[in-house]
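Summary of structural features
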There are 2 protein chains.
Amino acid sequence: VPARYELHYWPGIPGRGEFVRLALEEAGVHYVDVARGPQAEATLLRAQQQASQPPFAPPFLRIGARVIGQTANILLFLGERHGLAPKSEPGRLWTHQLQLTIADLVGEVHDSHHPIAGSLYYEDQKREAKRRTEHLIAERLPKYLRYFESVLGADRRRARWLVGGRLTYADLSLFQVVAGLDYAFPTAFARLKRNTPLVVALADRVAGRPRIAAYLASPRRQPFNVHGIFRHYPELDV
Amino acid sequence: VPARYELHYWPGIPGRGEFVRLALEEAGVHYVDVARGPQAEATLLRAQQQASQPPFAPPFLRIGARVIGQTANILLFLGERHGLAPKSEPGRLWTHQLQLTIADLVGEVHDSHHPIAGSLYYEDQKREAKRRTEHLIAERLPKYLRYFESVLGADRRRARWLVGGRLTYADLSLFQVVAGLDYAFPTAFARLKRNTPLVVALADRVAGRPRIAAYLASPRRQPFNVHGIFRHYPELDV
C-alpha cells in the first residue's frame, strides 16, 4: 500500500495550496486535505517541525516520512509521478519554467495588497497597496498575460495547452490565476482579458475537464476571500 | 562538439544572472557571458524573441536552439547535467526546494528597495522602501537565516553543505545571498549573522572552493552596485 498523500496548508483560504489541489484532483489521486479537517493549523505546524527536511512555509505535501515543500516543487514532483508533465527532460523543464513564471505573477498579485509586510493588515498599507496595484494592473498583469497568450499562440497545437498539446500542471495553475483575477479585479481584468482570448479559452477548457468540473462543483473547492492571495478590494479594482 | 552555453542577462549588474554564473564556474563549464560582451542588451533581446520557447525574463541559458529560463530552473538543469545536485529524485527535489526558498528571499530583498514598482526609480518609492526594509530586517531576514541555519544544523554531516554532505547549486546561491547582504546591509547584517554561524561558515567554504576563489578574483566577477538586487542605501541599513 503506497503511503497516503497529506496536503498541509493554512485553513480558510485557497491560497497557494489550491495549485496543488488542482493537480491532485486532475490526477485523480486520493489525498487528505489537512486544512479542511479538525485542528488544521496545529497539525500543519507539528508536521512542519517534525519533518527531517522541513519546508520553509506551507503548502507542503507529506507522503509517509517524506515532506515536499514549495508549490512549484510539489508540482514538479506530481507532474513526474502522475503524468501532469512531459516525460522528456526539455518538456519537463519548459513546463516548470512556465510554472515558475506563474509563481512570480502570483507573488506580485499577493504583494499588490501587501506591499510593505505580510505581518501587517491590509488596512495598515492601504495607500501603498493602491499605488502598487495601479502598476500591477497597468504594467505587470498585461505583460504576464501577453506572455502566456504568446506561448499559447506560438503554434496551432499549443493553442490547446501551454506545453506540446497535452494538459500539464501549468495549465491548471494558469486556470487558477484567471479565476483569481476574475474574483480580485472584476472590472480591470474584464478589460485586460479581452486582449488574451487564448488564455481565457484555456481557463475555460481546464474548468471543463471532468475531474476539475466535479471538483469545482464540490465542497472541496473553497471560494476566494479577502484573506488569501487573490483579494477583492473595490478601491484597488480600477 | 556539444553546443556552447550562452548566458544571457542584463549588463552592468550581478543580479539573478550571478546565481547561474556561480554554478557554471563551479562546474568548470565553458560559457559565453553575453552580458560582458558587446551589444549585450540587443543580443539578449534578439535571443529572447527568437526562442521557440521564449523566457519571460532574463537570465536565460541558450544551448544551440534550446533556451532555458527562470534562475531556479536553469540551476535544476545544470545541477542534473553537471553534478551540482544529487542524482536521486528525493535529493534532487530537496535541493530545488531550498533553491526556491532562496529565490523567495532574493525576491523580498529586491522588493525592499522597489516595493511599489520595478518601473519606478528608488527615489520615487523611498518612503515605502524605508518601511518595507524595516520589516525585511526585523522579520523576514531573521526568519530565512534561521531556517537555513537549522537545515545546516540538522545533523553533523549536513553542517558542511545544505544537502547530504556534498556541495550543490543551493550552497552556491546561499553564498551569493550572504555576499549580497554583506554589501547591502553592512550594519544590520553584521548584527543578524552573529546568530547564524553555520550559514556564515558555509559562505566562507564556498568562497574557498578553488574554482570559485579563482572566479571571485577574476574580472569575470562583477561587484555589487545600486542598480542590482542587493543595493546599499545607507538610510535603509539600520
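A brief structural summary. (Residues numbered from 1 in each chain as written. Chains lettered and ligands numbered in written order. Predicted model: local features only at pLDDT ≥ 70, side-chain atom pairs only at ≥ 80, totals over all residues. Heavy atoms only, no water.)

The secondary structure content of chain A amounts to nine helices and four strands. Reading chain A from its N end, one meets helices and strands in the order β-α-β-α-β-β-α-α-α-α-α-α-α. In summary, chain A has a C-alpha radius of gyration of 18 Å against a globular reference of 18 Å for 238 residues, a match within 12%. Expressed as lengths along the three principal axes of its C-alpha atoms, the size of chain A is roughly 50 × 45 × 30 Å. For chain A, buried positions account for 58% of its 238 residues. (Helix = DSSP H or I, 4+ residues; strand = E, 2+ residues; numbered from the N terminus. Rg over C-alpha atoms; globule rule 2.2 N^0.38 Å. Buried < 20%, exposed > 50% of the residue type's maximum accessible area, 1.4 Å probe, protein only.)

Attention shifts here to the relation of the copies chain A and chain B. In the superposition of chain A on chain B (RMSD 0.0 Å, axial shift 0.0 Å), the rotation amounts to 180°. Taken together, these values place the two copies in the relation of a two-fold axis. Distance from the rotation axis, computed per C-alpha, reaches its smallest value in chain A at P115 of chain A: 2.8 Å. Taken as a fraction of all interface residues of chain A, those also at the interface in chain B reach 100%, which identifies the copy contact as same-surface. (Least-squares fit on C-alpha atoms with pLDDT ≥ 70 in both. Contact = heavy atoms within 4.5 Å.)

Across the contact, 45 residues belong to chain A and 45 residues belong to chain B. Of the roughly 4100 Å² buried between chain A and chain B, counting both surfaces, carbon and sulfur atoms make up 51%. The tally of links between chain A and chain B comes to eight salt bridges. Note that E128 of chain A and R131 of chain B form a salt bridge whose closest N and O atoms lie 2.7 Å from each other. Only β4 (66-69), α3 (71-81), α4 (89-113) and α5 (126-153) of chain A provide two or more residues apiece to the side of chain A that touches chain B. The element best represented in the side of chain A that touches chain B is α4 of chain A, accounting for 11 residues. Residue composition of the side of chain A that touches chain B, grouped by class: 18 nonpolar, 12 polar and 15 charged. (Buried area = accessible area lost by both parts, 1.4 Å probe. Salt bridge = Lys/Arg side-chain N within 4 Å of Asp/Glu carboxyl O. Nonpolar A, V, L, I, M, F, W, Y, C, P; charged D, E, K, R; others polar.)

The strands that make up a sheet pair up through hydrogen bonds in the backbone, lying either parallel or antiparallel. Residue and element names in this part refer to chain B. With mixed pairing, four strands are arranged side by side in an open sheet as β2-β1-β3-β4. Across the chains shown, the open sheet's two edge strands, defined by having one partner strand only, are β2 (31-33) and β4 (66-69). Taking each pair of neighbouring strands and ignoring which way they run, the sheet shows an average axis angle of 20°. The pairing of strand β1 (residues 5-8) with strand β3 (residues 60-63) spans four bridges and is classified as antiparallel. Bridging from a neighbouring strand, E6 pairs with R62 of β3. (Pairing = 2+ DSSP bridges. Axes fitted to C-alpha atoms, helices over the stretch in contact; angles between N-to-C directions.)

Okay, the pattern of salt bridges next. In total, this model carries 30 salt bridges over all chains according to the counting rule given. For E108 of chain A, the salt bridge goes to R140 of chain A, with nearest N and O atoms at 2.9 Å. On the criterion of sequence distance, the pair formed by E108 of chain A in helix α4 and R140 of chain A in helix α5 is long-range, its members being 32 residues apart. When its relative accessible area of 17% is taken as the criterion, E108 of chain A is described as buried. Notably, a salt bridge pairs R4 of chain B with E6 of chain B, separated by 2.9 Å at the nearest N-O pair. A relative accessible area of 9% means that E6 of chain B is categorised as buried. Beyond isolated ion pairs, a larger network of salt bridges with shared partners links E18, R21, D33 and R221 of chain A.

What follows covers the sheet that holds strand β2 (residues 31-33) of chain A. Residues and elements named next belong to chain A. The four strands lie next to each other as β2-β1-β3-β4, forming an open sheet whose pairing is mixed. Pairing within the sheet leaves two strands with one partner each, and these edge strands are β2 and β4. Neighbour-to-neighbour, the strand axes of the sheet open up by a mean angle of 20°, direction not taken into account.

Turning our eyes to something else, we now look at the side chain of R231 of chain B. Residue and element names in this part refer to chain B. Tracing the backbone through its elements, the reader meets R231 in the segment after α9 (210-216). For R231, which is buried and forms no salt bridge, the nearest opposite charge comes from E123, at a distance of 6.7 Å. Here H227 takes part through its backbone oxygen, which lies 3.2 Å from a polar atom of the side chain of R231. Among the polar contacts listed, one links the side chain of R231 to the side chain of Y233, at a separation of 3.1 Å. Setting aside residues up to four positions removed in sequence, R231 forms contacts with H113, H114, Y122, Y183, A184, N225 and V226. (Lys, Arg positive; Asp, Glu negative; His and termini not counted. Polar contact = N/O pair within 3.5 Å; in protein donor to acceptor, adjacent residues only side chain to side chain.)

Attention now moves to unusual backbone geometry. Residue and element names in this part refer to chain A. Cis geometry is adopted by the peptide bond preceding P59, which originates at P58 and carries an omega value of 0°. Locating P59 in the fold gives a position in the loop between α2 (40-50) and β3 (60-63). With a phi angle near 70°, Q70 is a residue other than glycine that sits in the positive phi range. Here Q70 is to be found in the loop between β4 and α3.

Within helix α3 (residues 71-81) of chain B, nine of the 11 residues are buried, which leaves the element mostly enclosed by the surrounding structure. Residues of α3 of chain B that are buried include every one of T71, A72, N73, I74, L75, L76, F77, L78 and G79 of chain B, and no others.

Attention now moves to the packing of aromatic side chains. Given two aromatic rings, their pairing is described by the distance between the two centres and the angle made by the two planes. One pass over the full model with this rule turns up 14 aromatic pairs over all chains. Pairing Y147 of chain A with F56 of chain B gives two aromatic rings, centres 5.3 Å apart and planes at 75°, and the pair type is edge-to-face. Of the two residues, Y147 of chain A is situated in helix α5 and F56 of chain B in the loop between α2 (40-50) and β3; the pairing between them involves two chains. Judged by its relative accessible area of 8%, Y147 of chain A falls in the buried class. Look at F56 of chain B and you get buried, because its relative accessible area is 11%. When the ring of Y147 of chain B is compared with that of F148 of chain B, the centres are 5.3 Å apart and the planes differ by 70°; the resulting orientation is edge-to-face. Each member of the pair, Y147 of chain B together with F148 of chain B, is buried. These aromatic residues form a ring-pair network of at least three members: F56 of chain A together with Y144, Y147 and F148 of chain B. Taking NZ or CZ as reference, K143 of chain A lies 5.3 Å from the ring centre of F56 of chain B, over its face. (Phe/Tyr/Trp six-rings, centres within 6.5 Å; stacked < 30°, edge-to-face > 60°. Lys NZ or Arg CZ within 6 Å of the ring centre and 35° of its normal.)

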